[in-house]
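# Results of the structural survey
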Amino acid sequence: MNSIWTIARKELSDSFRNRWLVAISLVFATLALGIAWFGAAASGQVGYGSTPATIASLASLGIFLIPLIALLLAYDAIVGEEEGGTLLLLMTYPLSKSQLLLGKFLGHGLTLALATLIGFGVAGIAIAVLVDGVAVGALAIAMGRFIGSTILLGWGFIALAYLVSVRVSEKPIAAGMALAIWFFFVLIFDLVLLGALVASEGKLNPELLPWLLMLNPTDIYRLLNIVAFGDSTQLSGVLSLGSDLPIGTGGLWLGLGLWCAIPLTGALLLFRNRKI
Amino acid sequence: MNCFQLENVSHRYDKTTVLRGIDLRLNPGEILGLFGHNGAGKTTSIKLILGLMKPSEGKVTVLGGEAGDPHVSQHIGYLPENVMFYPQLTGREILSHFARLKGAPLSQVPKLLEQVGLGDAMNARTKTYSKGMRQRLGLAQALLGKPRLLMLDEPTVGLDPVATADLYRLLRDLRDEGTGIVLCSHVLPGVEPYIDRAAILTGGSLKAAGDLPSLRRQANMPVTLTVKPAGNILGLEKVIDQAKQSTGLMMKNVHGTLQVDVRTSDKMALIETLLQSGEVADLGIHQPSLEDIYVHFIGSGGLAHRGGSQ
């Protein structure tokens, strides 16, 4: 455990040093406050609307930003150490490959969690203090759920980035593949699912369709933050399939958790077999 | 207990055999020079001892345990060739990071940095370090936790002559305290005075191993006598010519001084003959150097052997 914490501690301290933590926190706070007050500006309204609408908007934007930040944070975790010439040296220490990767995960995971907590937490407090008549209890629950799911989504994409980082031998290739992962889950997956639905002309098993959303962590994340309010009218596009999912929010949390655990386990197994 | 022991170790990368039946050991309090051209199998041997990979055949024992076992790794110090560090961290931060990983006391960090001459630069980021400073930092990290086995790959690269002398002095002190040390270097004349034994690898095989006198015997290379004539060089040449008939020695005239190559077994008899002749003003004896022995075992055409290291 000491070795894992030593690696995590270095990653955390790097995040403070290179201002990642401050920058991400600021981006999140600005984004949250901007959406809270100006989210409905297009319809001619300025000011805080409602908590469900704010969270739904934040989640819609979050699926673009969180995976990208997580992938950027973690894509060079192992390949960067190898290119920098430090991986060989680290592996001569009393440190296993699993401990190194888990240490990295803990460090990167804590960085993202802290930035999310600080950024969105500050925004939540600002809303509670500045908006008259807002139901603070409901806001706290919604914000807590949003922050928790955002952290889990980020961890999932950190683990996906590790899958790439332990496989490739050059940083630019890892960066390219990380972007491809982002592109696939954030932009392509829903389009492909929608296309498959239309092309199948109703031949696909209707009971199977909602489960396909579980194959994309960003869809689970959005469902979790919208369905939880019991307002499925906010669900649009392929996400509307989510209203037919026979699982509650507990199942969605579990799904998001599995999206952290499975890629991380895969990365650990792949890294163990990597020659140093 | 040996610092390490390789028993009939062979290793293959895919279908290429890079080590063949190596038997080699290092005792505590001993400095072993590990030599060979690029691709001879040095790096693979080091990786096997460090536990970075398992041998295809044979057994590797390190400090009485299994190579790569965390309890074993804790007592090994390693300086890789071209050591690199995190450029954004200071020397002190880097050494503290590695000290934590090794479970070494943090109080050792400033002392080691002082010891390798980085006391004034310990709070500077390593991206500002010269190659020699990085090498010193690399040495400091290898010394963390007072290792029982120290493996140094080209440790003098980038060091000035004073720092090099300091390094060898330090290594001798560590050896005297019982640390087993492996030195890999291509600068053979530099390491010759400091090693207790040498192992010469070529093409993945151990060509020779032992202390210098035993390697000289194995190589059966001639000793060179440098003989300065007392008077006319022709008289001296005549004496040597007579001896030549019985010993088959080689002689050449280098700027008025004769260089005579003689088998070790004939050396004393020839010296006696020369001294009795009264034709000798001065006489020097030159044993084959480590470099001569290395070239003898590796053979000429070293460039043809040189591939990439594994």
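Only a predicted model underlies this, so the values are computations on that prediction, with no experimental measurement involved.

## Observations regarding the interface of chain A and chain B
If you look at the interface, chain A gives 21 residues, while chain B gives 24 residues. At the surface where chain A touches chain B, the tally comes to one salt bridge. Summed over the shared surface of chain A and chain B, the result is four residue pairs in polar contact (both at pLDDT 80 or more). When contributions to the side of chain A that touches chain B are tallied by element, the ones reaching two or more residues are α1 (2–17), α4 (79–84) and α5 (87–91) of chain A. Per-element accounting of the side of chain A that touches chain B gives the leading share, seven residues, to α1(A).

## Considerations on the packing of aromatic side chains
All names here are of chain B. Summed over all chains, the structure comprises 12 aromatic pairs over all chains. Note on F85 and F98: the rings are 6.2 Å apart at their centroids and 70 degrees apart in plane angle, and the pair reads as edge-to-face. Residue F85 is found in the loop between β6 (76–79) and α3 (91–102), and its partner F98 is found in helix α3; the two are separated by 13 residues along the sequence. Residue class for F85 comes out buried when judged on its relative accessible area of 6%. Judged by its relative accessible area of 0%, F98 falls in the buried class. Geometrically, the ring pair formed by Y168 and Y194 is stacked, given 4.1 Å between the ring centres and 5 degrees between the ring planes.

## Quick look at the confidence of the model for chain A
Predicted confidence across chain A gives a mean pLDDT of 89, with 91% of residues reaching 70 or more. For chain A, the element scoring lowest by mean pLDDT is helix α9 (residues 209–212) of chain A, at 82; α5(A) scores highest, at 96.

## Concerning unusual backbone geometry
Excluding glycine, most residues fall at negative phi; most peptide bonds, likewise, are trans. In the Ramachandran plot, B:N82 falls in the positive-phi region, its phi being about 55 degrees despite a non-glycine side chain. In this fold, B:N82 is placed in the loop between β6 and α3.

## Some details on the pattern of salt bridges
In this structure the tally under the stated criterion is 18 salt bridges over all chains. Residues B:R216 and B:E192 are paired through a salt bridge, measuring 3.9 Å at the closest nitrogen-oxygen approach. Within this pair, whereas B:R216 is found in helix α8 (residues 212–219), its partner B:E192 is found in the loop between α7 (188–191) and β9 (197–202), the two being separated by 24 residues in sequence. For the pair B:R216 and B:E192, a shared accessibility class is recorded, and that class is buried. Within this structure, A:E11, A:E81 and A:K104 form a network of salt bridges that share partners.

## Considering a nonpolar patch on the surface
All names here are of chain A. Together, F16, L114, L117, I118 and V122 make up an exposed nonpolar region whose accessible area comes to about 440 Å². At four residues, the largest contribution of residues to the nonpolar patch is made by helix α6 (residues 97–130). Summarising the element assignment, V122 is placed in helix α6. Looking at V122, the relative accessible area reads 45%, which means it is partly exposed.

## Observations regarding helix α1 (residues 42–50) of chain B
All names here are of chain B. Along α1, eight of the nine residues are buried, which leaves the element largely enclosed by surrounding structure. Taken together, the buried positions of α1 are occupied by K42, T44, S45, I46, K47, L48, I49 and L50. Looking one or two residues past α1, G51 carries a phi angle of roughly 80 degrees, positive in sign.

## Section: the nonpolar core
Within the largest apolar cluster, 166 residues are counted, with the highest numbers of intra-cluster contacts made by B:F4, B:V62, B:L149 and B:L171. Ignoring anything within four residues of it in the chain, the contact list for B:L171 reads B:I31, B:L150, B:L152, B:I181 and B:L183.

## Notes on the sheet that holds strand β2 (residues 16–26) of chain B
All names here are of chain B. Reading across the sheet, the four strands line up as β2-β1-β4-β5 and stay open at both edges, with antiparallel pairing between neighbours. This sheet does not close on itself; its edge strands, each paired only once, are β2 and β5 (65–66). Summarising the sheet, strand β1 (residues 4–13) and β2 pair through seven bridges and their orientation is antiparallel. Looking across to β2, one finds that R12 is bridged to T17. Here α1 sits on the sheet and contacts β1, β2 and β4 (57–62); the angle it forms with β1, its principal contact strand, is near 120 degrees.

## Regarding the pairing of β6(B)
Residue and element names in this part refer to chain B. Burial along β6 is two-sided: I76 and Y78 facing one way and G77 and L79 facing the other are all buried. Here β6 pairs with strand β7 (residues 149–153) via four bridges, running parallel. For G77, the partnering residue across the bridge sits in β7 and is L150.

Criteria and thresholds
Every residue gets a number counted from 1 within its own chain, in the order that chain's sequence is written. Written order determines the labels here, with chains lettered from A and ligands numbered from 1. The predicted nature of this model means local features are confined to residues of pLDDT at least 70 and side-chain atom pairs, given and counted, to a pLDDT of 80 or more, with totals for whole chains, interfaces and linings taken over all residues. Derived side-chain values reflect all non-hydrogen atoms in the structure, with water molecules and hydrogen atoms excluded from consideration. Contact between two residues is taken to exist if any of their heavy atoms lie within 4.5 Å; hydrogens are not considered. Salt bridge, as used here, is a side-chain nitrogen of Lys or Arg placed within 4 Å of a carboxyl oxygen of Asp or Glu. Polar contacts, as used here, are pairs of N or O atoms within 3.5 Å; protein pairs need one atom able to donate a hydrogen and one able to accept it. Residues neighboring in sequence count only if both atoms are side-chain atoms. Put simply, DSSP H or I for four residues or longer makes a helix, DSSP E for two residues or longer makes a strand, and each gets a number counted from the N terminus. Any two rings among Phe, Tyr and Trp, with Trp reduced to its six-membered ring, count as a pair given centres within 6.5 Å; such a pair is stacked if its planes are under 30 degrees apart, edge-to-face if over 60, and tilted if neither. Type-normalised accessible area, obtained with a 1.4 Å probe on protein chains alone, sets the label of each residue: buried when under 20%, exposed when over 50%, and partly exposed for intermediate values. pLDDT runs from 0 to 100 and stands for how confident the predictor is about each residue. In this scheme, patches are assembled from residues that exceed 30% relative accessible area and form no salt bridge. Like charges are connected within 9 Å, while nonpolar side chains (Val, Leu, Ile, Met, Phe, Trp, Tyr) are connected within 5 Å. The protein chains shown are the only cover counted for residues, whose accessible areas, like all others here, come from Shrake-Rupley with a 1.4 Å probe. What we call a nonpolar core is a set of buried Ala, Val, Leu, Ile, Met, Phe, Trp, Tyr and Cys residues that are connected through their side-chain atoms within 4.5 Å. Strand pairing requires that DSSP identify at least two bridges connecting the strands. Lines fitted to C-alpha atoms define the axes, with helix axes restricted to the stretch in contact, and inter-axis angles between N-to-C directions lie between 0 and 180 degrees.

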